[in-house]
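Report on the structure
What follows is each chain in one-letter form.
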Amino acid sequence: MDILRGIKGAPDWLPPEAGAFDAVERAFLDTAALGGYERVRTPVFEPTEVFARGVGASTDVVQKEMYTFEDKGGRSITLRPEGTAGVLRAALEAGVPRSGTLPVKWSYAGEFFRYERPQAGRQRQFTQVGVEALGATDPVLDAEVVLLGWEALKRAGVGEMTLRINTLGDRVDRPAYHERLNAYLDDFEGDLPPDVAERRHLNPMRAFDAKAPGMAEIMAGAPLLADHVNDEAKAFHEEVCGLLEAEGLVLTHDDRLVRGLDYYTRTTFEYQAAGLGAQNAVGGGGRYDGLAEDLGWPEPFPGVGWALGVDRTLLALGEAAAPPPRAEVFVVAADPTLAPQAFGLVARLRRAGVAADQAFAGRRMKAQLKLADRSGARLALVLGADELARGVVTVKDLASGSQREVADAEVLAAVTG
Ligand code: HAM
């Protein structure tokens, strides 16, 4: 019988990479916490409508990439392809817009699912950390969000990065622009790939995302939304950019950056890491002032946020990704009869908050020391019958090989000092 295999595009993260993965996720979440973003947890599945209406019918995500199924009660359920629609759904359901203390600032981390063609940096299950600031329209908030994402990626260790930024204006700017863009696309009707030809009647802006051969050339001459953005949104954008530049960020203004989700208004941005090839966006986000109404809320309720891809960030880090060591201290028993003492010392260390480990299955001392090295531990504590009788333990520095004897009562101090 063949060994069973997992699902293509749903990676297994094993040690030590899984440790590095956690470290990246923690760096993102810690940065969000520094900004006052509180954790939320929402379900990995939602009624399909949440994404169909939230993410938008014209997007690849909704048209081709959702894991949608009917549950035993006949409801259409979808595994979340992104976090914003679900988090906002939860906020609206909890009555957050009427809570009076706005904006609320939330963060989340978890697994997301898109039926994409798997390749380096593009998976069917991946992990995002995200933040959403709900209930305020203020350029300072957009600047805070954009800067926080940048800082989070830096904190995780990402080196060279580009920040692409654009404004998509407000929904009121769209009808006139869509009409103009569609009129432009009419001239290329015969050359448009079928999905663009079809979708442009839902949202012609998706044509900017189309990767089919020849589309880049067609779109090079397309009218730009920037020329249709209302004055207030334009001034808002200038303020956001000014705040970011004052913090030393170098902005790459990209007036073709529409992003792959339909809900964006005003600020949109992407962080791209050097050396990742085609899948170089390690994170992205923007403002979504119309999304609450798409989800059924009776009046406008604005929001802005980002999501950072943990898997892709790890790819960008490459060799620099650093899993924490498995143990700080490794306890070695010079002979098998000392196993109970070794067990007791490991327990004592762990209780004191020291990551400690030991070997099992009666290995010889040499083999135990080899395992100590492999564990990444800084120190080995060697227990010998003679030493125990004298009330001492040998502390060996695994990097330098130097060793000294320490009184049993001083072991914790020697290890933590
Ligand atoms: P997104 O740009 O679709 O935005 O995804 C954010 C990040 O998730 C990407 O930059 C990438 O690093 C990672 N990612 C997306 N798809 C995959 C995949 N198939 N494999 C590996 N990594 C992937 C959003 O999801 C929005 N909800 C962001 C947002 C929050 N906008 C406002 N608030």
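Our subject is the structure listed above.
Here is a short report on the structure shown in this document. (Residues numbered from 1 in each chain as written. Predicted model: local features only at pLDDT ≥ 70, side-chain atom pairs only at ≥ 80, totals over all residues. Heavy atoms only, no water.)

A closer look at a nonpolar patch on the surface
There is a patch of nonpolar side chains on the surface, built from Val44, Phe45 and Phe69 and spanning about 260 Å² of accessible area. For phenylalanine 69, the location among the structural elements is in strand β3 (residues 68–70). On the accessibility criterion, phenylalanine 69 (36% relative accessible area) is partly exposed. (Patch = residues over 30% accessible without salt bridge, like charges linked within 9 Å, V, L, I, M, F, W, Y side chains within 5 Å. Areas by Shrake-Rupley, 256 points an atom, 1.4 Å probe, with all protein chains shown as cover. Salt bridge = Lys/Arg side-chain N within 4 Å of Asp/Glu carboxyl O. Helix = DSSP H or I, 4+ residues; strand = E, 2+ residues; numbered from the N terminus. Buried < 20%, exposed > 50% of the residue type's maximum accessible area, 1.4 Å probe, protein only.)

Focus on the site of the ligand
Around the ligand, a shell composed of 26 residues is seen, among which Glu82, Glu116, Gln123, Glu132 and Tyr264 lie nearest. In the model, a nitrogen atom of the ligand is placed 2.8 Å from a nitrogen or oxygen of the glutamate 132 side chain. Residue alanine 281 places a main-chain N or O atom 3.1 Å away from an oxygen atom belonging to the ligand. Coverage of the ligand by the protein chains reaches 95% of its 660 Å² of free accessible surface. Among the secondary structure elements, those contributing two or more residues to the shell around the ligand are β6 (125–134), β10 (281–287) and β11 (303–309). The biggest single contributor to the shell around the ligand is β10, with six residues. (Near = heavy atom within 4 Å. Polar contact = N/O pair within 3.5 Å; in protein donor to acceptor, adjacent residues only side chain to side chain.)

Things to note about the sheet that holds strand β13 (residues 356–358)
Taken in spatial order, the five strands make up an open sheet running β13-β12-β14-β15-β16, and their pairing is mixed. Of all the strands in the sheet, the pair left with one neighbour each is β13 and β16 (403–407). Adjacent strand axes in the sheet meet at a mean angle of 30°, parallel and antiparallel pairs treated alike. Strand direction decides the pairing type here: strand β12 (residues 329–333) and strand β14 (residues 379–383), joined by five bridges, are parallel. Within β14, the residue paired with alanine 333 across the bridge is leucine 383. The strands touched by helix α12 (residues 339–351) are β12, β13 and β14; relative to β13, the strand with the most contacts, the crossing angle is about 165°. Packing against the sheet, helix α13 (residues 365–374) makes contact with β12, β14 and β15 (392–397), and its axis sits at approximately 175° to β12. (Pairing = 2+ DSSP bridges. Axes fitted to C-alpha atoms, helices over the stretch in contact; angles between N-to-C directions. Contact = heavy atoms within 4.5 Å.)

Some points on the packing of helix α1 (residues 17–34) against helix α11 (residues 310–317)
Each pair of packed helices gets described by two things: the angle between the helix axes and the distance between those axes. Where α1 meets α11, the closest approach of the two axes is 10 Å, and the angle between their N-to-C directions is 110°. Considering the angle they form, α1 stands roughly perpendicular to α11. Our pair here, α1 against α11, has a crossing hand that is right-handed. Here Glu17, Ala20, Phe21, Val24, Glu25 and Phe28 of α1 lie close against α11, whose contacting residues are Val310, Asp311, Thr313, Leu314 and Leu317. Looking at the contact of α1 with α11 residue by residue, the classes come out as seven nonpolar, one polar and three charged. (Parallel < 35°, antiparallel > 145°, perpendicular 65-115°, else oblique. Left-handed = near helix turned anticlockwise from the far one by under 90°. Nonpolar A, V, L, I, M, F, W, Y, C, P; charged D, E, K, R; others polar.)

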